[in-house]
Amino acid sequence: MVEPPVRVLHVIKSLGLGGTEKVLQLFVANLDPTRFRASVYCPQDGPRARQIREAGVETHIGGDLASVLDRVRPRIAHVHRAGWPEPELLVPLKRARVPVVVETNVFGRFDPSPPATVIDRTLFVSRFCLDRFHQTTGIEPDPSRWSFLYNPVDTDFFARAARRDRDFSEPAAGRISRADPGKWSRLALEFLPLVVREFPDFRYRVIGGVPEAFDYVREHGLSDNVIFHDPVQTDAEIASFLDAVPVLAHANDTGESFGLVIAEAMACGLPVVTHPSQGLRDNAQLELVEHGVTGLVARNAEEYARALTHLFTHPEEARHMGLAGQEKSARLYRAQTVARQLESVYLELLQRKGIRS
């Protein structure tokens, strides 16, 4: 007798266009449907929900989580959350006695609250977040309870969509983020006059401009060099935007717990310039961008400008870095591969609980 697929309910607070929601979408779209029947719960609808439904995945929008759990009766609940206490997500899982609870912990935080005891496995999104978690909490490593699983990326699509005739000597760079000051760094602006001094025709293409950026460009007479673009919603739009530049310029003072945009640019074959964050801030950008291998790491505006100048004047080196990044992203972040790894986690936990899969 063939066992029916295991019911897995993915739980999230928003279905907007952020990275957390995109990761959920890639997971549910790539789980093996012969083994797992994935569905999604969110208290409110959003643009990501439509894309999930178009992929054939059932969504439960609105209402309370308890009623959805009673109706779906999942064997596995997978919660996508920041990592701090969120009883509204965890208490219903505990009361419903969901057999297996997994969380993707986006920001590497520790939740000591009683509702968090319902979680069987915490998956951090980078090795950096896992290591920092143990360093800051003093909790002894236990891979059966705490581990990391990289965010999935549709590397196959980006590799197909990326242009083959990219000119790595073109003085241009792209930047993608939300229009949120927390996603910016002064470094993302202060390198500009230095690069324009060397390359007067330099073009900086930006998605996610914030008021400070608009003001800086105006006050420094850089309007001919900086092009602000509208937000994008799909991978096709991201790939099209990245086709116009030979390098991704990343700068974010808070750092990255993973760095989805970085991984997507790498999948397109672009080298990435980034910088380290200070103290115990997120620093997974340095896990993705290996200095001199998949891009360059700069500590200040002068180094950042020199890094871009070096790539523009050494296009073959830039191309090789881009290819190295493309290989790394396909090897470590490919959505299908990461989904198989997630399935292994599910099956391990089911077996540990004595539940037939």
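Our subject is the structure listed above.
Residues numbered from 1 in each chain as written. Predicted model: local features only at pLDDT ≥ 70, side-chain atom pairs only at ≥ 80, totals over all residues. Heavy atoms only, no water.

(A) Quick peek at the overall build of the protein chain. Counting its secondary structure elements, the protein chain contains 15 helices and 13 strands. Relative to its length of 357 residues, the protein chain is compact, with a C-alpha radius of gyration of 21 Å against a globular reference of 21 Å. Taken along the three principal axes of its C-alpha coordinates, the protein chain extends 65 × 40 × 35 Å. A fraction of 71% describes how many contacts in the protein chain between residues 6 or more apart in sequence connect residues 24 or more apart. (Helix = DSSP H or I, 4+ residues; strand = E, 2+ residues; numbered from the N terminus. Rg over C-alpha atoms; globule rule 2.2 N^0.38 Å. Contact = heavy atoms within 4.5 Å.)

(B) Looking closely at unusual backbone geometry. In the Ramachandran plot, Arg73 falls in the positive-phi region, its phi being about 50 degrees despite a non-glycine side chain. Judged by relative accessible area, which is 54%, Arg73 ranks as exposed. The residue Arg97 is not glycine, and still its phi comes out positive at about 55 degrees. Following the sequence through the fold, Arg97 ends up in the loop between helix 4 (87–95) and strand 5 (100–105). (Buried < 20%, exposed > 50% of the residue type's maximum accessible area, 1.4 Å probe, protein only.)

(C) Quick look at the packing of aromatic side chains. Within the structure shown, the criterion is met by 17 aromatic pairs. On the numbers, 4.5 Å between centres and 40 degrees between planes, the contact of Phe133 with Trp146 is tilted. Linking Phe133 in helix 5 (residues 127–137) with Trp146 in strand 7 (residues 146–148), this pair joins segments that are 13 residues apart in sequence. No difference in accessibility class separates Phe133 from Trp146, as the two residues are buried. Aromatic side chains Phe202 and Phe312 sit 6.0 Å apart centroid to centroid with 40 degrees between the ring planes, which places their arrangement in the tilted category. (Phe/Tyr/Trp six-rings, centres within 6.5 Å; stacked < 30°, edge-to-face > 60°.)

(D) Spatial organisation of the sheet that holds strand 1 (residues 6–11). Here we have seven strands laid out as an open sheet, ordered 3-2-1-4-5-6-7, and parallel in their pairing. Among the strands making up the open sheet, the edge pair consists of strand 3 (58–61) and strand 7. Within this sheet the neighbouring strands show an average axis-to-axis angle of 25 degrees, counted without direction. The pairing of strand 2 (residues 36–42) with strand 3 spans four bridges and is classified as parallel. Among the inter-strand pairings, Tyr41 is bridged to a residue of strand 3, identified as His60. Contacts between helix 5 and the sheet are confined to strand 6 (121–124) and strand 7, with strand 7 contributing the most and set at about 155 degrees to the helix. Along the sheet, helix 15 (residues 335–352) makes contact with strand 1, strand 2, strand 4 (76–81), strand 5 and strand 6, crossing strand 6 at roughly 165 degrees. (Pairing = 2+ DSSP bridges. Axes fitted to C-alpha atoms, helices over the stretch in contact; angles between N-to-C directions.)

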